[in-house]
Amino acid sequence: MAGKTLFDKVWDDHIVDTVANGPQILYIDKHLIHEVTSPQAFAELEERGIPVARPDQIVATADHNTPTVDQHLPIQDTLSRNQLKKLTENCEKHGITLYGLGHEYNGIVHVIAPELGVTQPGMTMVCGDSHTSTHGAFGTIAFGIGTSQVAQVFASQCLLLTKPKKLRVSVNGELKKGVLPKDVILYIISQIGTNAGTGYFCEYAGNVFEDMSMEGRMTVCNMSIEMGARGGMIAPDETTFSYIEGRKFAPKAAEWDQKVAYWKTLPTDADAKFDKEYHFDAADIAPMVTYGTNPGMGIKVSGRIPDKEDENLEKSLEYMGFQKGESLIGKTINYVFIGSCTNSRIEDFRIAANYVKGKQKAAHVNAWLVPGSQQVAKQLVEEGLDHVFIEAGFALRQPGCSACLAMNDDKIPRGEYCVSTSNRNFEGRQGQGARTILASPLMAAATAVEGKIIDITKSLN
Amino acid sequence: MEKFTKLTETAVPLPVENIDTDQIIPARFLKATDKKGFGDNVFRDWRFNKDGSKNADFVLNNDAYSGPILVAGDNFGCGSSREHAAWALAGYGFKVVVSSFFADIFKGNALNNGILPVMVTSDYLKSLLKTIKENPKTKVTIDLEEQVIDSEVGQQSFDIDPYKKVCMINGYDDIDYLLSKKETIETFEKERKIAV
Ligand code: SF4
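Residues numbered from 1 in each chain as written. Chains lettered and ligands numbered in written order. Predicted model: local features only at pLDDT ≥ 70, side-chain atom pairs only at ≥ 80, totals over all residues. Heavy atoms only, no water.

Draft legend 1. Layout of the environment of Ser 242 of chain A. Residue and element names in this part refer to chain A. Within the secondary structure, Ser 242 sits in helix α9 (residues 238-244). The class of Ser 242 is exposed, set by a relative accessible area of 53%. In this structure the C-alpha to C-alpha distance between Ser 242 and Met 214, which are 28 residues apart in sequence, comes to 9.7 Å. (Helix = DSSP H or I, 4+ residues; strand = E, 2+ residues; numbered from the N terminus. Buried < 20%, exposed > 50% of the residue type's maximum accessible area, 1.4 Å probe, protein only.)

Draft legend 2. Representation of the pairing of strand β3 (residues 96-99) of chain B in the model. Residues and elements named next belong to chain B. Burial along β3 is two-sided: Val 96 and Val 98 facing one way and Val 97 and Ser 99 facing the other are all buried. As defined by bridge partners, strand β2 (residues 69-72) adjoins β3 across three bridges and the pair is classed as parallel. By the bridge assignment, Leu 70 is partnered in β3 with Val 97. With four bridges joining them, β3 and strand β4 (residues 116-119) adopt parallel strand pairing. (Pairing = 2+ DSSP bridges.)

Draft legend 3. Here's a closer look at the packing of aromatic side chains. All names here are of chain A. Within the structure shown, the criterion is met by 25 aromatic pairs over all chains. Ring centres 6.4 Å apart and planes at 85° place the aromatic pair Phe 143 and Phe 201 in the edge-to-face group. Of this pair, Phe 143 sits in strand β7 (residues 141-144) while Phe 201 sits in strand β10 (residues 200-205), and the two are 58 residues apart along the sequence. The exposure classification of Phe 143 matches that of Phe 201, with both residues buried. (Phe/Tyr/Trp six-rings, centres within 6.5 Å; stacked < 30°, edge-to-face > 60°.)

Draft legend 4. Molecular detail of the packing of helix α3 (residues 84-92) of chain B against helix α4 (residues 104-111) of chain B. Residues and elements named next belong to chain B. Two elements in contact, α3 and α4, have axes whose closest approach is 8 Å; the angle formed by their N-to-C orientations is 45°. Regarding the angle of α3 to α4, the classification is oblique. Between α3 and α4 the crossing geometry is right-handed. Residues Ala 85, Ala 86 and Leu 89 of α3 form the contact with α4, whose own contacting residues are Phe 106, Asn 109 and Ala 110. Counted by class, the contact of α3 with α4 contains five nonpolar, one polar and no charged residues. (Axes fitted to C-alpha atoms, helices over the stretch in contact; angles between N-to-C directions. Parallel < 35°, antiparallel > 145°, perpendicular 65-115°, else oblique. Left-handed = near helix turned anticlockwise from the far one by under 90°. Contact = heavy atoms within 4.5 Å. Nonpolar A, V, L, I, M, F, W, Y, C, P; charged D, E, K, R; others polar.)

Draft legend 5. Expanded view of the packing of helix α2 (residues 39-48) of chain A against helix α3 (residues 78-94) of chain A. Residue and element names in this part refer to chain A. The contact between α2 and α3 brings their axes to 10 Å, and the two run at 45°. When the interaxial angle is binned, α2 and α3 end up oblique. Taken as a pair, α2 and α3 cross one another with a handedness that is left-handed. Contact with α2, carried on its side by Pro 39, Phe 42 and Glu 46, involves Lys 86, Asn 90, Lys 93 and His 94 of α3 and no other residues of that element. Partitioning the contact of α2 with α3 into residue classes produces two nonpolar, two polar and three charged.

Draft legend 6. Spatial organisation of the pattern of salt bridges. Residue and element names in this part refer to chain A. Under the definition given, this model contains 26 salt bridges over all chains. Among the ionic pairs, Asp 269 bridges to Lys 9, the shortest N-O distance being 2.8 Å. Taken together, the residues span a long stretch of sequence, with Asp 269 in the loop between α10 (253-263) and β12 (276-281) and Lys 9 in helix α1 (residues 6-12) at a distance of 260 residues. According to the relative accessible area criterion, Lys 9 is buried, its value standing at 11%. Its salt-bridge partner being Arg 350, residue Glu 383 comes within 2.9 Å of it at the nearest N-O pair. Of this pair, Glu 383 sits in the loop between α13 (374-382) and α14 (385-391) while Arg 350 sits in helix α12 (residues 346-356); the two residues are 33 residues apart in sequence, bridging distant segments of the chain. Under the relative-accessibility criterion, Glu 383 is labelled partly exposed at 34%. Within this structure, Lys 4, Asp 8, Asp 12, Lys 163 and Lys 166 form a network of salt bridges that share partners. (Salt bridge = Lys/Arg side-chain N within 4 Å of Asp/Glu carboxyl O.)

Draft legend 7. Representation of the sheet that holds strand β1 (residues 15-18) of chain A within the structure. On the basis of which strands lie adjacent, the open sheet formed by three strands has the order β1-β2-β8 (chain A) and antiparallel pairing. With one partner strand each, in any of the chains shown, β1 and β8 (158-161) of chain A form the two edges of the open sheet. Taking each pair of neighbouring strands and ignoring which way they run, the sheet shows an average axis angle of 20°. Sheet topology places β1 of chain A next to strand β2 (residues 24-27) of chain A; three bridges connect them, and they run antiparallel. Bridge pairing in β2 of chain A places Thr 18 of chain A opposite Gln 24 of chain A. Sheet strands in contact with helix α8 (residues 182-191) of chain B are β1, β2 and β8 of chain A, and its direction is about 145° off that of β1 of chain A.

Draft legend 8. Structural context of unusual backbone geometry. The residue Ala 406 of chain A is not glycine, and still its phi comes out positive at about 50°. Tracing the backbone shows Ala 406 of chain A in the loop between β17 (395-396) and β18 (417-420). By relative accessible area, Ala 406 of chain A is classed as buried at 9%. Here Gln 147 of chain B, not a glycine, exhibits a phi torsion of approximately 55°, which is positive. Of note, Gln 147 of chain B is situated in the loop between β5 (139-143) and β6 (148-151). The exposure class of Gln 147 of chain B is buried, given its relative accessible area of 18%.

Draft legend 9. Summary view of the environment of Tyr 417 of chain A. All names here are of chain A. You can see Tyr 417 is positioned in strand β18. The exposure class assigned to Tyr 417 is buried, which follows from its relative accessible area of 13%. As a C-alpha pair, Tyr 417 and Thr 436 span 19 residues in sequence and 5.9 Å in three-dimensional space. Discounting residues that sit within four places of it in the chain, Tyr 417 has contacts with Met 320, Gly 321, Phe 322, Thr 332, Ile 333, Asn 334, Tyr 335, Arg 435 and Ile 437. Within polar-contact distance, the side chain of Tyr 417 engages the backbone oxygen of Gly 321 at 3.4 Å. (Polar contact = N/O pair within 3.5 Å; in protein donor to acceptor, adjacent residues only side chain to side chain.)

Draft legend 10. Up close: the interface of chain B and chain A. In this assembly, 26 residues from chain B lie in contact with 34 residues from chain A. Of the roughly 2700 Å² buried between chain B and chain A, counting both surfaces, carbon and sulfur atoms make up 63%. Across the pair Arg 48 of chain A and Asp 173 of chain B runs a salt bridge, and its minimum N-O distance is 2.3 Å. Remark: the boundary between chain B and chain A carries nine residue pairs in polar contact (both at pLDDT 80 or more). Listed by contribution, the elements that provide at least two residues to the side of chain B that touches chain A are α6 (162-170), α7 (174-180) and α8 of chain B. A total of six residues in the side of chain B that touches chain A trace back to one element, the largest contributor, which is α7 of chain B. Class assignment for the residues of the side of chain B that touches chain A results in 12 nonpolar, two polar and 12 charged. (Buried area = accessible area lost by both parts, 1.4 Å probe.)

Draft legend 11. Representation of the nonpolar core within the structure. Residue and element names in this part refer to chain A. In this structure, Phe 154, Val 169, Val 171, Ile 188, Tyr 204, Phe 209 and Met 227 are the most contacted members of the largest nonpolar core, which totals 76 residues. Beyond its immediate stretch of four places on either side in the chain, Tyr 204 contacts Val 169, Ile 185, Ile 188, Phe 209, Val 220, Cys 221, Ser 224, Met 227, Gly 232, Met 233 and Ile 234. By size, the runner-up hydrophobic cluster in this structure holds 51 residues, among which are Ile 299, Val 376, Cys 401 and Met 443. (Core = buried A, V, L, I, M, F, W, Y, C linked by side-chain atoms within 4.5 Å.)

Okay, here's the thing in structure tokens:
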């Protein structure tokens, strides 16, 4: 019998039942919820008069629609205030743990679950948010679901699903200086396109991912959805175990040893087969920027926008105000956003601070730093990074999704460019008419200091 | 969800192709926090004129045509994946939609909300639309167990996912189905190698 992949092993361990000629019932270990996609699901349960099946397997936070300034004051925006009120009421009523606004564990759902040790290898995790794929960095099957599926999980702690196909993306070799995990994933998506993963669950393999920190792996898995995959996974190893050990909800004592022993059985068997494979050489990857309106429209910062006949490209460039064949180097930028569940962990701020230290941001740039969680915000202060940023003129805000989806007041004005560490550069994603350029935290920090896009590789050498 | 086995009823003809979910329920009605009330706004912008008056030309405003079966043009339910489209059709009272093609996500949403999508050939659809248009009293029979549609135009069989068929016949949606598996799920939890 052919070997099993990491994905097979975790999936198969969670099959409760298979419906004859139909889908499978998959057991869900952890269900993360937030204020925007949960109220209808709670209402659905209420209408049917059924309870939440496993409240202790749910963790709630407020992040999508929360302000990033004056979080201690009553919320001004009515929609946001009502959503938070509803979330609090629903969590109280059903006995669900809520890390609401102002709580020491509050933050973006995909940042807090790993940092609290909720996310562990071999689990199945879901959330009503497409970037749930982030948790796959731990060797977890994690994916975003729609509101009616949120209700299914509330009702039964299970989902009816058909097993996706398996895809593997391998990157081997040595990364160049200044190339960060964000560049690796932007590069992959620019090569294979935004639909290559549709219908698949992806595994990332190769020494590049093995050598990455957990923060870096989370950045990569986070953007799996941007190539169409339902989720992405990386095999758990010593890096994974030492990240989890000692965290609040991490297994302790004998249970720890037992779990680690199990986690060690999860990596893909040598003879396992994938439905589709891609291979890349790390040496080909450079710091990336996007020039268009989907995450697949990325180029090396030293490269040029493709010059080809393509209606989509033309439409995107018109929105972005760029020309075919143009280089982005030297473009004046007025907004920089370092945040979102892609790049708002302590490591991201360390990288940015390391570049910014002793420098000043350009006078015309609005540079927003939004930590992913209260814990990250606290650590920033403990490491003295807050001083580095404040002295350089950056605005350090309070945790939340913020300008990643601009549901709150953190919007980029119409027509303005924003070099952003988030994950989506869709039209209007950061505010109506806003033009997003996706990049790594290093590229974002450099843009803030220079006031324009620069070839970071030159200043590093 | 109501059980569905067989029905013989009159039908409403809507010979428009590529009806997308935005036409079925416009985006501005998506703010509600439950499933109720969407029926009032189904095909909102076709049923009502800009000034809020009824559009007398639209079939749902024509008293001659009524019934729980909607017969619509090719590629029904395309566009955004919003489940609200199924809620709106069900809320209005439709139990069956007949067309020559359904968008995938809409099909899933419809089945999960008690609406049976019946796919027929283009020729059958054309004749059926014509017959109903000429004679609004035309009866159409949908037999789910046999997977057959029957009318004066003739008989045709249709496909349905076997799991979804069981759900419709028993009046189950995914949540009901999962709740019916409660014991199996509990046994799974108890017997797991590694519990969470
Ligand atoms: S930061 Fe952006 S992508 Fe991440 S959870 Fe929030 S809205 Fe979604």
